[in-house]
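Residue-level structural notes
Here are the chains, one letter per residue:
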Amino acid sequence: MTELSKIGVIGAGTMGSGIAQVFAVAGHHVLMQDLSEPALDRARRSMETSLQRLVKKGSLTEPQAAAAMARVSSTTVFDLLDDRDIVIEAIIERLDVKAEVIRKLDGICRHDAIFASNTSSISLTELAAASAHPGRVIGMHFFNPVPVMQLVEIIRALQTTDAVAEAVTDLTRAIGKTPRVSKDSYGFIVNRLLAPQINEAINCVYEGLATPEDIDSMMKLGANHPMGPLALGDLIGLDVVLNIMETLYQGFDDPKYRPSPLLKQMVAAGYLGRKSGKGFADYPQH
Ligand code: NAI
């Protein structure tokens, strides 16, 4: 397998900008593609802020931060991804849209290029089926905030080849993250355990059992969690949490995964957590 040095990232949102940053810091050249020019500008700004934070903490020097920024380029033109060794998509969580991106990549990239998806909950096996070369499709599930979180869940579709799984596991180590491999299943491992807990905390709020602050505080003080489930839901994005619960509920066809009515209402109201300024807490927007 050729060395994976040229990285493509599709979707320059919360996750895409973080993914681009960790690859650039590790010395890779990254091309970020998004439909929206303002999203690309925002991504560059948030990368600069995040890199400056690392400089202040002493984990990067100023020249290293500048060199990392210089390795990231951005575009709205999809076809410029044609020379990439691996393309990681972090776009909207919809199977039809992600499958369309894979079909389009098939049309422009080399046959040995790898397509990774940062999906939280979509079946990698179904996504791989969108490619004429399904063995090259794999899940690379990063966690938010990407520069901080150590784990990358590597999800093997039924079709993923051993060579691709190995190359992506090695690449993950090369950027200083810890890979852990899972077979494809609804919610994989982390979200299958995590999302139902956030959902159940929301049900506790819905039932009026305790305040969101007290529920979070109970899990911090009583279960030794560094962050309460509602604060974590706000950080992940309540729309993302709802998507995961719907995937688990429909996928396993099991009522234990039913999304909380309050979670559905919060999303319908646009209260998505940190990114919208309001969730189970308020987040002043600058
Ligand atoms: P986001 O909404 O912050 O960013 C998505 C970006 O993709 C936007 O800039 C949008 O303009 C762009 N986009 C949408 N459709 C596109 C297309 N067809 N081509 C190019 N760009 C397109 O979303 P976020 O939170 O970064 O999530 C992205 C993916 O990562 C989703 O699949 C999500 O499930 C997954 N994920 C999210 C986590 C989180 O904590 N937010 C954690 C792990 C995975």
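Structure shown above.
Treat the numbers as computed from the prediction; the structure is a model and nothing was measured.

Turning to the nonpolar core, a few remarks are in order. Counting residues in each nonpolar core, the largest one holds 39 residues, and the members touching the most others are Ile-19, Phe-23, Met-32, Ile-86, Met-140 and Phe-142. Element by element, the count of residues in this core is highest for helix H1 (residues 14-25), at six residues. Leu-31, Leu-105, Cys-109 and Phe-188 belong to the second largest nonpolar core, which has 21 residues in total.

Bringing the packing of helix H2 (residues 37-57) against helix H3 (residues 62-70) into the picture now. Two elements in contact, H2 and H3, have axes separated by 9 Å at closest approach and are oriented at 160 degrees. Classified by the interaxial angle, the pair formed by H2 and H3 is roughly antiparallel. Considering only the axes of H2 and H3, their crossing is right-handed. Contacts from Arg-44, Met-47, Glu-48, Leu-51, Gln-52 and Val-55 in H2 reach Glu-62, Ala-65, Ala-68 and Met-69 in H3. Grouping the constituent residues of the contact of H2 with H3 by class yields six nonpolar, one polar and three charged.

With that out of the way, let us pick up the sheet that holds strand E6 (residues 137-141). Strands sit in the order E3-E2-E1-E4-E5-E6-E7-E8 across an open sheet of eight strands; the sheet is mixed. Only two strands of the sheet have a single partner each, and these edge strands are strand E3 (72-75) and strand E8 (178-183). Put simply, the sheet's adjacent strands are angled 25 degrees from each other on average, direction ignored. The sheet contact formed by strand E5 (residues 114-117) and E6 spans three bridges and is parallel. Bridged to Phe-115 within E6 is Val-137.

Helical geometry: 3.6 residues make up each α-helical turn, so side chains three or four residues apart lie on a common side. The end-to-end C-alpha distance of helix H6 (residues 162-174), which contains 13 residues, comes to 18 Å, matching closely the 18 Å that a straight helix rising 1.5 Å per residue would cover. Among all positions in H6, only Val-164, Ala-165, Ala-167, Val-168, Thr-169, Leu-171 and Thr-172 are buried. Buried residues belonging to H6 abut H1, strand E4 (86-89), E5, E6, strand E7 (151-156) and E8. The positive-phi residue at the C-terminal boundary of H6 is Gly-176, with phi of around 85 degrees.

Turning next to the layout of surface pockets. Using a probe with the size of a water molecule, rolled over the atoms, empty space left in the structure can be pinpointed. Of the volumes computed, that of the second largest pocket is approximately 250 Å³. Lining the second largest pocket are 13 residues, with Ser-121, Ile-122, Ser-123, Thr-247 and Gln-250 sitting closest to its centre. Sorting elements by how many residues they give to the lining of the second largest pocket places helix H10 (residues 238-252) first, with five residues. Residue composition of the lining of the second largest pocket, grouped by class: three nonpolar, six polar and four charged.

So, about the site of the ligand. Neighbouring the ligand are 23 residues; Met-15, Asp-34, Glu-93, Lys-98 and Ser-120 lie closest to it. Thr-14 is positioned such that a nitrogen or oxygen atom in its backbone is 3.0 Å from an oxygen atom of the ligand. Interatomic distance of 3.2 Å between a backbone N/O atom of Ile-91 and an oxygen atom of the ligand. Compared with its free state, where it exposes 830 Å², the ligand has 82% of that area covered by protein. Listing elements by their share of the shell around the ligand, those giving two or more residues are H1 and helix H4 (95-108). Grouping the constituent residues of the shell around the ligand by class yields eleven nonpolar, nine polar and three charged.

Right, let's get into empty space enclosed by the protein. For the structure on display, the rule yields one cavity of 30 Å³ or more. Of the pockets and cavities examined, the largest cavity occupies roughly 40 Å³. Of all elements in the fold, only E4, H4, E5 and E6 reach the threshold of two or more residues within the lining of the largest cavity. Sort the elements by how many residues they give to the lining of the largest cavity and E5 lands first, with three residues. Considered class by class, the residues forming the lining of the largest cavity number seven nonpolar, one polar and one charged.

Glancing now at the pairing of strand E1 (residues 6-10). Where burial is concerned, most of E1 is hidden: four out of the five residues are buried. Where E1 meets strand E2 (residues 29-33), five bridges bridge the pair, whose relative direction is parallel. Following the sheet pairing, Lys-6 is matched in E2 by His-29. Tracing the backbone out of E1, into H1 and back to the parallel element E2 gives a crossover that is right-handed. The pairing of E1 with E4 spans four bridges and is parallel. Residue pairing for E4: Gly-8 is matched across the bridge by Val-87.

Let us look at helix H9 (residues 229-236). For H9, the full list of buried residues reads Pro-229, Leu-230, Gly-233 and Asp-234. Taken end-on, H9 shows its buried residues confined to a sector of 145 degrees, consistent with a single buried face. Each element contacted by the buried residues of H9 is listed here: helix H7 (190-206), helix H8 (212-223) and H10. Positioned one or two residues after H9, Gly-237 has a phi angle of 110 degrees, which is positive.

Conventions we followed
Residues numbered from 1 in each chain as written. Predicted model: local features only at pLDDT ≥ 70, side-chain atom pairs only at ≥ 80, totals over all residues. Heavy atoms only, no water. Core = buried A, V, L, I, M, F, W, Y, C linked by side-chain atoms within 4.5 Å. Buried < 20%, exposed > 50% of the residue type's maximum accessible area, 1.4 Å probe, protein only. Helix = DSSP H or I, 4+ residues; strand = E, 2+ residues; numbered from the N terminus. Axes fitted to C-alpha atoms, helices over the stretch in contact; angles between N-to-C directions. Parallel < 35°, antiparallel > 145°, perpendicular 65-115°, else oblique. Left-handed = near helix turned anticlockwise from the far one by under 90°. Contact = heavy atoms within 4.5 Å. Nonpolar A, V, L, I, M, F, W, Y, C, P; charged D, E, K, R; others polar. Pairing = 2+ DSSP bridges. Expected span 1.5 Å × (residues − 1). 1 Å grid on protein atoms, 1.4 Å probe; cavity = no way out; pocket = protein on both sides within 12 Å on 5 of 7 lines; lining within 4 Å. Points joined across faces, edges and corners; volume = space filled by probe spheres on them. Near = heavy atom within 4 Å. Polar contact = N/O pair within 3.5 Å; in protein donor to acceptor, adjacent residues only side chain to side chain. Areas by Shrake-Rupley, 256 points an atom, 1.4 Å probe, with all protein chains shown as cover. Right-handed = clockwise from strand over helix to strand, strands pointing away. Arc of directions from axis to C-beta.

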